[in-house]
Amino acid sequence: MSTTTSGAERVRSLGVETTGIEIIAESERTASPKDLFWPWFAANVSVFGISYAAFVLGFGISFWQAALVTVIGIVISFVLCGIIAIAGKRGSAPTMVLSRAAFGVTGQKIPGVISWLVSIGWETFLAIMAVLATATVFERLGWGGGTGVKIVAAVVVATMIVLASVAGYHIIMKMQSYLTWITGIVTIMFVVIAAPKIDWAKVSDLPAGPWQAVVGALVMLMTGFGLGWINISADWSRYQRRDAKGSAIVAWNALGGAIAPVLLVIFGLLLAGSDDEVRSGIAGDPIGALAPVLPTWFLVPFLLAVILSLVSGAVLGIYSSGLTLLSLGVRIPRPSAALIDGVLLTLGTFYVVFIADNFLGPFQSFLITMGVPLASWAGIMIADIALRKRDYDENSLFDARGIYGAFDWTSIATMIGMSVLGWGLVVNNFADDAAWNNWQGFLLEPLGLGTWNATDQFWEGNWPYANLGVLLALVGSFAITYLARRGRVAAQEAGASERPFAQQVRG
């Protein structure tokens, strides 16, 4: 049975999108590669990028080392997102549905659950930062930053995220194009106002660190930016015209996602390297810690830009997490799936802000842990995309009896095996707050890469905090998949070529 629906069955661009995980009809595939610039730019033109610089310098590296890995790490990570986005054009379905070609229709639920947890977690984290930033700015303005302000902020932020996510693709794309200009202009103003605070002499004196620390900063930048979005990147390219060039999709995706973070993180390196108070304050309140460098008159525009930029990123995540929920077999309309995930985000935000005494550290530790299997999934998907010469067999994406089968045990075993190895080479950055996660890094001592100091709860040596496990999971999974699944992919495409509805075009 064909899964393609007609355009008449959907609410058009001015209404709520009811399209779920089914194949997008040809009549609705009207987007061009340049349209991908807006959602990715809007979601990443955030002052949070400036705050991220403090985490980079936390590896004990110089400004020039940090600037180099900023450019390399962010650009590469969004190029990888762009490669995954090619699958959206080839299959006109959400990322996790397309993942069925690599893992099997049923086997895809393994990475699907991880993707769903990561999406919900990161978007909740963005909402939490928006609430904390609001409280800090209000306190600076003398308007109070207590419980009442946080409650109102949490309600407003959650409502904006949920409404936009429920509305769907068309409204989100329009919203993102407007948010790009608003947040972009205010962010530029922030840079101009804060620029006099830069002390070049102090920045230049930052000592260089070992190259292992440079690798650690690189991995953190990759996971914090492009790899944090990679599990949803095809969701926004599934409306692309079938004749869209794959290279153009990669280029516009990477340009939209990377250009703002690269510039903002580099500026943040200058600012955090010049101001010790800003640098130390970011750990507790990543956005609010930037407020002290601003004049009072600019605090309200700054807060507006912060909220809109964080909401913009959270909307993309919740929209996609709803699609992922549907790909796991939950049979509800797409708006309802987005609403469920939005409610979970809201509950998580309220819990962290108002109830939990020590939750943010463990929360981030959990997200970092999930980043290893997500990197493995990305390596498998990128290899799968590279091996395929044709568009996806649409019906087989929804039928375990089709050419993709129910389970692809090679991909599943690769993901499990590389995740275990990856966890053995990453460490828990929140050892005190999340002691239950200190099992990670179990391969470091046997391989002579580091020593665990049980007394002070930290790893000694240059290698542990390089977090090589993420790179190992990504690169290793790609290599294994590219070599081990060549024959299987060729057989799948040979089977698809016998079906009249299979497409023969590669972007």
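Residues numbered from 1 in each chain as written. Predicted model: local features only at pLDDT ≥ 70, side-chain atom pairs only at ≥ 80, totals over all residues. Heavy atoms only, no water.

Attention now goes to the overall build of the protein chain. The number of helices and strands found in the protein chain is 19 helices and two strands. For the protein chain, whose C-alpha radius of gyration is 22 Å, the value lies close to the compact-globule estimate of 23 Å for 507 residues. In terms of its C-alpha atoms, the protein chain occupies a principal-axis envelope of roughly 65 × 55 × 40 Å. Counting all 507 residues of the protein chain, 60% fall into the buried class. Taking all contacts inside the protein chain whose residues are at least 6 apart in sequence as the whole, residues at least 24 apart take part in 83%. When the accessible surface of the protein chain is split by element, carbon and sulfur atoms take 67% of a total near 18800 Å². Averaging the positions of the 29 positive and the 31 negative side-chain charges in the protein chain gives two centres separated by 12 Å. (Helix = DSSP H or I, 4+ residues; strand = E, 2+ residues; numbered from the N terminus. Rg over C-alpha atoms; globule rule 2.2 N^0.38 Å. Buried < 20%, exposed > 50% of the residue type's maximum accessible area, 1.4 Å probe, protein only. Contact = heavy atoms within 4.5 Å. Areas by Shrake-Rupley, 256 points an atom, 1.4 Å probe, with all protein chains shown as cover. Lys, Arg positive; Asp, Glu negative; His and termini not counted. Charge placed at Lys NZ, Arg CZ, Asp CG, Glu CD.)

Axis separation between helix 7 (residues 147–167) and helix 15 (residues 334–355) bottoms out at 9 Å; the angle between their running directions is 165°. Considering their axes alone, helix 7 and helix 15 lie roughly antiparallel with respect to each other. Of the two elements, helix 7 crosses helix 15, and the hand of that crossing is right-handed. Contacts from T147, K150, I151, A154, V155, A158, I161, V162, S165, V166 and A167 in helix 7 reach R334, P335, A338, L339, G342, L345, T346, T349, F350, V353 and F354 in helix 15. For the contact of helix 7 with helix 15, the per-class residue count stands at 15 nonpolar, five polar and two charged. (Axes fitted to C-alpha atoms, helices over the stretch in contact; angles between N-to-C directions. Parallel < 35°, antiparallel > 145°, perpendicular 65-115°, else oblique. Left-handed = near helix turned anticlockwise from the far one by under 90°. Nonpolar A, V, L, I, M, F, W, Y, C, P; charged D, E, K, R; others polar.)

Let us now look at the pattern of salt bridges. The full count for this structure, using the stated rule, is 11 salt bridges. Across the pair R29 and E26 runs a salt bridge whose closest N-O atoms are separated by 3.8 Å. When its relative accessible area of 4% is taken as the criterion, R29 is described as buried. Residue class for E26 comes out partly exposed when judged on its relative accessible area of 45%. In this structure, R241 engages D243 in a salt bridge whose closest nitrogen and oxygen atoms are separated by 3.2 Å. (Salt bridge = Lys/Arg side-chain N within 4 Å of Asp/Glu carboxyl O.)

Glancing now at the packing of helix 3 (residues 63–91) against helix 12 (residues 246–274). The geometry of helix 3 relative to helix 12 is characterised by a closest axis approach of 7 Å and an angle of 155° between their N-to-C directions. Classified by the interaxial angle, the pair formed by helix 3 and helix 12 is roughly antiparallel. In this structure, helix 3 crosses over helix 12, and the sense of that crossing is right-handed. Class assignment of the residues belonging to the contact of helix 3 with helix 12 gives a composition of 22 nonpolar, five polar and one charged.

Attention now moves to a nonpolar patch on the surface. Among the surface-exposed residues, L68, V71, I72, V75 and I76 lie close enough to one another that they form a single nonpolar patch of about 380 Å² accessible area. Residue placement: I72 occurs in helix 3. Looking at I72, the relative accessible area reads 37%, which means it is partly exposed. (Patch = residues over 30% accessible without salt bridge, like charges linked within 9 Å, V, L, I, M, F, W, Y side chains within 5 Å.)

What follows deals with helix 7. Owing to its 3.6 residues per turn, the α-helix brings residues three or four apart onto one side. Across its 21 residues, helix 7 extends 30 Å between first and last C-alpha, which sits within 8% of the 30 Å expected from 1.5 Å per residue. Tucked into the core, helix 7 has its buried residues touching helix 6 (109–141), helix 8 (169–194), helix 14 (299–327) and helix 15. (Expected span 1.5 Å × (residues − 1).)

Tracing the chain through its elements places W439 in the loop between helix 17 (409–423) and strand 1 (451–453). Note: C-alpha distance between W439 and V427 (12 residues apart in sequence) is 8.4 Å. Each residue touching W439, except ones within four places of it in the same chain, is listed here: T369 and W423. A polar contact is formed between the side chain of W439 and the side chain of N437, at a distance of 3.0 Å. (Polar contact = N/O pair within 3.5 Å; in protein donor to acceptor, adjacent residues only side chain to side chain.)

What follows is about helix 6. Under the 1.5 Å per step criterion, the end-to-end length of helix 6 is 48 Å for 33 residues, consistent within 8% with the ideal 48 Å. Following helix 6 by one or two positions, G142 has its phi on the positive side, about 85°.

What follows covers the side chain of Q212. Within the secondary structure, Q212 is located in helix 10 (residues 211–224). Ignoring anything within four residues of it in the chain, the contact list for Q212 reads N462, W463 and A466.

Next up on the list: the side chain of R242. Position of R242 among the secondary structure elements: in the loop between helix 11 (226–229) and helix 12. Using a relative accessible area of 15% as the deciding quantity, one classes R242 as buried.

Grouped together as the largest cluster of nonpolar side chains are 141 residues, with contacts concentrated most on F190, W236, F302 and W377. Considering each element in turn, this core owes the most residues, 16 residues, to helix 14. When residues no more than four places from it in sequence are discounted, the contact partners of W236 are L36, W40, Y169, I172, M173, L316, Y319 and S320. (Core = buried A, V, L, I, M, F, W, Y, C linked by side-chain atoms within 4.5 Å.)

So, on to unusual backbone geometry. With a phi close to 55°, S92 is a non-glycine residue in the positive phi region. If you trace the backbone, S92 turns up in the loop between helix 3 and helix 4 (95–98). Unusually for a residue other than glycine, N467 sits at a positive phi of about 50°. With respect to the helices and strands, the residue N467 is situated in the loop between strand 2 (458–460) and helix 18 (468–484).

Inspection of every chain in the model, using the stated rule, returns 21 aromatic pairs. Judged by centre distance (5.7 Å) and plane angle (85°), the rings of W40 and W229 are edge-to-face. A residue pair is termed long-range when its members are at least 10 positions apart, and W40 in helix 1 (residues 37–44) and W229 in helix 11 qualify at 189 residues. Just as W40 is buried, W229 falls in that class too. (Phe/Tyr/Trp six-rings, centres within 6.5 Å; stacked < 30°, edge-to-face > 60°.)

When pLDDT is averaged along the protein chain, the result is 85, and 92% of the positions lie at 70 or above. Scored below 50 in pLDDT, residues 500–507 shows 22 contacts in the model against residues more than four places distant or in partner chains. (pLDDT = per-residue confidence, 0-100.)

Turning our eyes to something else, we now look at the environment of I171. Take I171: it is sitting in helix 8. The exposure class of I171 is partly exposed, given its relative accessible area of 29%. Here the alpha-carbon distance between I171 and V16, two residues 155 residues apart in the chain, equals 7.7 Å.

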